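Each chain is listed here by its residues.
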Amino acid sequence: MCVARVLTAHRPLQALGSLCSPWAAPRVGPLPPAPAMVRISKPKTFQAYLDDCHRRYSCAHCRAHLANHDDLISKSFQGSQGRAYLFNSVVNVGCGPAEERVLLTGLHAVADIHCENCKTTLGWKYEQAFESSQKYKEGKYIIELNHMIKDNGWD
């Protein structure tokens, strides 16, 4: 294949014949701009993978790993859209800005959390609890049940 055909692949074929001919006059001036490149998406990868030997929770929408069962603190929490679990730590989530909200247990500063892979809002992180009886929640995460699935090793 001649170089001119590679550089001008967006031109109609009849125009290419004269450019690739060894008897054609050399091209004068710059080449026209190339068409926009088509971006080929790669499969998404998680930032963190949890061990295969442990029971874990994953995002229900994209299957990104979220938390180990060992990090589960409580199953008796209420999210904004239904039941939720409280976790000590999570992976593959991003945090939004903290804001004060009045929840069932009083005033808290919370930051919404989302899956880093598919950007679905999963729940929130407790940044600050204003009542002393709720201080144990600080730094912990709520993930709503309708946004996660049990994955690997469940009977």
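Scope of this entry: the structure provided in the associated data block.

Rules used throughout
Residues numbered from 1 in each chain as written. Predicted model: local features only at pLDDT ≥ 70, side-chain atom pairs only at ≥ 80, totals over all residues. Heavy atoms only, no water. Helix = DSSP H or I, 4+ residues; strand = E, 2+ residues; numbered from the N terminus. Buried < 20%, exposed > 50% of the residue type's maximum accessible area, 1.4 Å probe, protein only. 1 Å grid on protein atoms, 1.4 Å probe; cavity = no way out; pocket = protein on both sides within 12 Å on 5 of 7 lines; lining within 4 Å. Points joined across faces, edges and corners; volume = space filled by probe spheres on them. Nonpolar A, V, L, I, M, F, W, Y, C, P; charged D, E, K, R; others polar. Patch = residues over 30% accessible without salt bridge, like charges linked within 9 Å, V, L, I, M, F, W, Y side chains within 5 Å. Areas by Shrake-Rupley, 256 points an atom, 1.4 Å probe, with all protein chains shown as cover. Salt bridge = Lys/Arg side-chain N within 4 Å of Asp/Glu carboxyl O. Pairing = 2+ DSSP bridges. Axes fitted to C-alpha atoms, helices over the stretch in contact; angles between N-to-C directions. Polar contact = N/O pair within 3.5 Å; in protein donor to acceptor, adjacent residues only side chain to side chain.

**Observations regarding unusual backbone geometry**
Piece 1. The backbone of Arg 63 sits at a positive phi, close to 70 degrees, despite the residue not being glycine.
Piece 2. Mapped onto the fold, Arg 63 is located in the loop between strand 1 (56–59) and strand 2 (65–68).
Piece 3. Positive phi, close to 70 degrees, is recorded for Lys 119, a residue that is not glycine.

**Brief notes about the environment of Asp 70**
Piece 1. With respect to the helices and strands, Asp 70 occurs in the loop between strand 2 and strand 3 (72–79).
Piece 2. You can call Asp 70 exposed: its relative accessible area is 58%.
Piece 3. Through-space distance from the C-alpha of Asp 70 to that of Asn 88 is 8.9 Å; in sequence the pair is 18 residues apart.

**Describing the layout of surface pockets**
Piece 1. In this structure, the largest pocket spans a volume of roughly 200 Å³.
Piece 2. Lining the largest pocket, in full, are Phe 77, Gln 78, Gly 79, Ser 80, Arg 101, Val 102, Leu 103, Leu 104, Thr 105, Trp 124, Tyr 126 and Lys 137.
Piece 3. Only strand 3, strand 5 (93–103) and strand 7 (121–129) provide two or more residues apiece to the lining of the largest pocket.
Piece 4. Residues belonging to the lining of the largest pocket are distributed by class as follows: 6 nonpolar, 4 polar and 2 charged.

**Side note on a nonpolar patch on the surface**
Piece 1. Where nonpolar side chains cluster on the molecular surface, the patch consists of Val 102, Leu 107 and Phe 130 and spans about 270 Å² of accessible area.
Piece 2. With respect to the helices and strands, the residue Leu 107 is situated in strand 6 (residues 106–115).

**Observations concerning the sheet that holds strand 1**
Piece 1. An order of 2-1-9 is seen for the 3 strands of this open sheet, with the pairing classed as antiparallel. A strand with exactly one partner marks an edge of an open sheet, and here the two such strands are strand 2 and strand 9 (148–151). Strand-to-strand twist across the sheet, computed as the mean angle between neighbouring axes with direction ignored, equals 30 degrees.
Piece 2. The sheet contact formed by strand 1 and strand 2 spans 3 bridges and is antiparallel. Each bridged residue has a counterpart across the sheet, and for Tyr 57 the counterpart in strand 2 is Ala 67.

**Here's the deal with the side chain of Arg 101**
Piece 1. Structurally, Arg 101 can be placed in strand 5.
Piece 2. There is a polar contact of 2.7 Å between the side chain of Arg 101 and the side chain of Asp 112.

**Here we look at the pattern of salt bridges**
Piece 1. All chains considered together, the criterion is met by 5 salt bridges.
Piece 2. Arg 101 is the partner of Asp 112 in a salt bridge, and the nearest nitrogen-oxygen pair spans 2.7 Å. Placement of Asp 112 in strand 6 and of Arg 101 in strand 5 is noted, with a sequence separation of 11 residues between them.
Piece 3. For Asp 112, a relative accessible area of 32% translates into the label partly exposed.
Piece 4. What emerges from the salt-bridge pattern is a single network uniting Glu 99, Arg 101 and Asp 112.

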